[in-house]
Amino acid sequence: MKPLFKPQKKRFLFINAIFAITAITLERVGISLKMYAYADTFLHVFDVPLIIIAYWVIIGHTSWMAYKKLGWIAGLLTGIIIDLPFEFLAFHLGWWTWLPSWTPALFFNAPIANFLVYLNVSLGSILIYKYVMITKRS
């Protein structure tokens, strides 16, 4: 991987900030709507575990990389593909608990809405990257 130039580093940090703010906002909405509850964690921001915020950032960057290498379908499915094993682990290790939701459960009590959110996270990540990293600013 080649090193980033200063304007690219600033854009990369800007993208991380967008992903983190989006993660905190949407996770807070899910918590307030009582869609899920997290296990007690030591590090959290506005009741959202720090690891979950990092998870969103990782999914965002990975979606972009999959899109760049493999195209739209792979990029869009990246969030769901990454989330599937974590839903399995969370179910068995008690990291978070899905509460009765507006949509039926599909995979280890995760509702269909969860997978639609991650599909949109991947789409949003790709679009944000396309705009911020590729657009040349004057």
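For the structure, see preceding data.
Bear in mind that the values here come from a model prediction, so they are computed numbers and not experimental data. (Residues numbered from 1 in each chain as written. Predicted model: local features only at pLDDT ≥ 70, side-chain atom pairs only at ≥ 80, totals over all residues. Heavy atoms only, no water.)

Caption draft 1: Structural detail: the pattern of salt bridges. Summed over the entire model, instances satisfying the criterion amount to 1 salt bridge. For arginine 28, the salt bridge goes to aspartate 47, with nearest N and O atoms at 3.4 Å. With a gap of 19 residues between them, arginine 28 in helix H1 (residues 6-32) and aspartate 47 in the loop between strand E2 (44-45) and strand E3 (48-49) connect regions that are remote in the sequence. (Salt bridge = Lys/Arg side-chain N within 4 Å of Asp/Glu carboxyl O. Helix = DSSP H or I, 4+ residues; strand = E, 2+ residues; numbered from the N terminus.)

Caption draft 2: Quick look at the packing of helix H2 (residues 50-70) against helix H3 (residues 72-93). Packing of H2 against H3 leaves a shortest axis separation of 7 Å and a crossing angle of 145°. Two packed elements cross with a definite hand, and for H2 against H3 that hand is right-handed. Here H2 contributes Tyr55, Ile59, Thr62, Ser63, Ala66, Tyr67 and Leu70 to the contact with H3, which in turn contributes Trp72, Ala74, Gly75, Thr78, Gly79, Ile82, Asp83 and Phe86. The residue makeup of the contact of H2 with H3, split by class, is 9 nonpolar, 5 polar and 1 charged. (Axes fitted to C-alpha atoms, helices over the stretch in contact; angles between N-to-C directions. Left-handed = near helix turned anticlockwise from the far one by under 90°. Contact = heavy atoms within 4.5 Å. Nonpolar A, V, L, I, M, F, W, Y, C, P; charged D, E, K, R; others polar.)

Caption draft 3: Inspection of the nonpolar core at higher detail. If you look at the biggest cluster of nonpolar residues, it comprises 20 residues, and the most contacted ones within it are Ile52, Trp56, Trp96 and Tyr118. At the level of secondary structure, the elements contributing two or more residues to this core comprise H1, strand E1 (36-38), H2, H3, strand E4 (96-98) and helix H4 (112-134). Sort the elements by how many residues they give to this core and H2 lands first, with 5 residues. Excluding anything up to four places from it in sequence, tryptophan 96 contacts Ala37, Tyr38, Ala39, Ile52, Phe86, Glu87 and Ala90. Formed by 8 residues, the second largest nonpolar core is a distinct cluster that contains Ile15, Phe19, Tyr67 and Tyr129. (Core = buried A, V, L, I, M, F, W, Y, C linked by side-chain atoms within 4.5 Å. Buried < 20%, exposed > 50% of the residue type's maximum accessible area, 1.4 Å probe, protein only.)

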